[in-house]
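Observations on the model geometry
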Amino acid sequence: VQLQASGGGLVQAGSSLGLSCAASGRTFSSNVMGWFRQAPGKGREFVAGITWTGITTIYGGSVKGRFTISRDNAKNTVYLQMNSLKVEDTAVYYCASRTSGVIEVREYDYDYWGQGTLVTVSS
């Protein structure tokens, strides 16, 4: 599975931004998809995960209630809608895929990674 994340940019605190991750590879629809982020000087943090059906989602505590993950298997794409952005959301955002039906929050449980897209939130 190859992953290509897009949609990052510079926004003001309180605004919204949507990220997309396009996947190629015939196993996409059966994979769990996740979003992680890495802020400058920090480790990679779990943001959100979604099962292949889209029925089950899990969010990291710092984004719960503000971010929404979704997927469109027909388009081989997973999305991350980010609302009420805060300065501390500034990070490189990565999409990831794991060949399992169970969402995990640890980065080493994911098999494939996109290149990352930078989100900068200004005050």
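Residues numbered from 1 in each chain as written. Predicted model: local features only at pLDDT ≥ 70, side-chain atom pairs only at ≥ 80, totals over all residues. Heavy atoms only, no water.

Describing the overall build of the protein
Looking only at helices and strands, the protein features zero helices and 11 strands. The order of α-helices and β-strands along the protein, N terminus first, is β-β-β-β-β-β-β-β-β-β-β. In summary, the protein has a C-alpha radius of gyration of 13 Å against a globular reference of 14 Å for 123 residues, a match within 12%. Dimensions along the principal axes, computed over C-alpha positions, put the protein at roughly 40 × 25 × 25 Å. (Helix = DSSP H or I, 4+ residues; strand = E, 2+ residues; numbered from the N terminus. Rg over C-alpha atoms; globule rule 2.2 N^0.38 Å.)

Side note on the nonpolar core
Ranked by internal contacts, the top residues of the largest apolar core, which has 27 residues, are Trp35, Leu80, Met82 and Tyr93. Mapped by element, the contributors of at least two residues to this core are strand 1 (2-6), strand 3 (17-24), strand 4 (32-38), strand 5 (44-50), strand 7 (67-72), strand 8 (77-82), strand 9 (91-98) and strand 11 (117-122). Considering every element that reaches this core, the biggest residue donor is strand 3, with four residues. Core analysis: the next-biggest nonpolar cluster, separate from the first, contains six residues, Val32, Phe36, Ala96 and Tyr110 among them. (Core = buried A, V, L, I, M, F, W, Y, C linked by side-chain atoms within 4.5 Å. Buried < 20%, exposed > 50% of the residue type's maximum accessible area, 1.4 Å probe, protein only.)

Describing the packing of aromatic side chains
This structure, assessed with the given rule, holds five aromatic pairs. Measuring from ring centre to ring centre gives 5.1 Å for Phe36 and Tyr110, while their planes differ by 80°; the resulting arrangement is edge-to-face. Remark: Tyr110 occurs in the loop between strand 9 and strand 10 (112-113) and Phe36 occurs in strand 4; sequence separation between them is 74 residues. The residues Phe36 and Tyr110 share a single accessibility class, namely buried. Measuring from ring centre to ring centre gives 6.4 Å for Tyr94 and Trp113, while their planes differ by 75°; the resulting arrangement is edge-to-face. (Phe/Tyr/Trp six-rings, centres within 6.5 Å; stacked < 30°, edge-to-face > 60°.)

Some points on the sheet that holds strand 7
The four strands are arranged 1-3-8-7 in an open sheet whose pairing can be described as antiparallel. Of all the strands in the sheet, just strand 1 and strand 7 have a single pairing partner and so form its edges. Neighbouring strand axes in the sheet, compared pairwise and without regard to direction, differ in orientation by 15° on average. The sheet contact formed by strand 3 and strand 8 spans six bridges and is antiparallel. Looking across to strand 8, one finds that Leu19 is bridged to Leu80. (Pairing = 2+ DSSP bridges. Axes fitted to C-alpha atoms, helices over the stretch in contact; angles between N-to-C directions.)

Thoughts on the side chain of Arg37
Take Arg37: it is sitting in strand 4. Within the local environment of Arg37, its side chain forms a polar contact with the side chain of Asp89, the two groups lying 2.8 Å apart. At a separation of 2.9 Å, a polar atom in the side chain of Arg37 contacts the side chain of Tyr93. Look past the residues within four positions of Arg37 in its chain and what remains in contact with it is Gly43, Arg44, Glu45, Val47, Ser62, Val63, Phe67, Glu88, Asp89, Ala91, Val92 and Tyr93. (Polar contact = N/O pair within 3.5 Å; in protein donor to acceptor, adjacent residues only side chain to side chain. Contact = heavy atoms within 4.5 Å.)

A closer look at the pattern of salt bridges
Throughout the structure, instances matching the rule amount to six salt bridges. Among the ionic pairs, Arg37 bridges to Asp89, the shortest N-O distance being 2.8 Å. Here Asp89 lies in the loop between strand 8 and strand 9 and Arg37 lies in strand 4, a separation of 52 residues in the sequence. Residue Arg106 pairs with Asp109 through a salt bridge whose shortest N-O separation is 2.8 Å. Classification of Arg106 as partly exposed rests on a relative accessible area of 38%. (Salt bridge = Lys/Arg side-chain N within 4 Å of Asp/Glu carboxyl O.)

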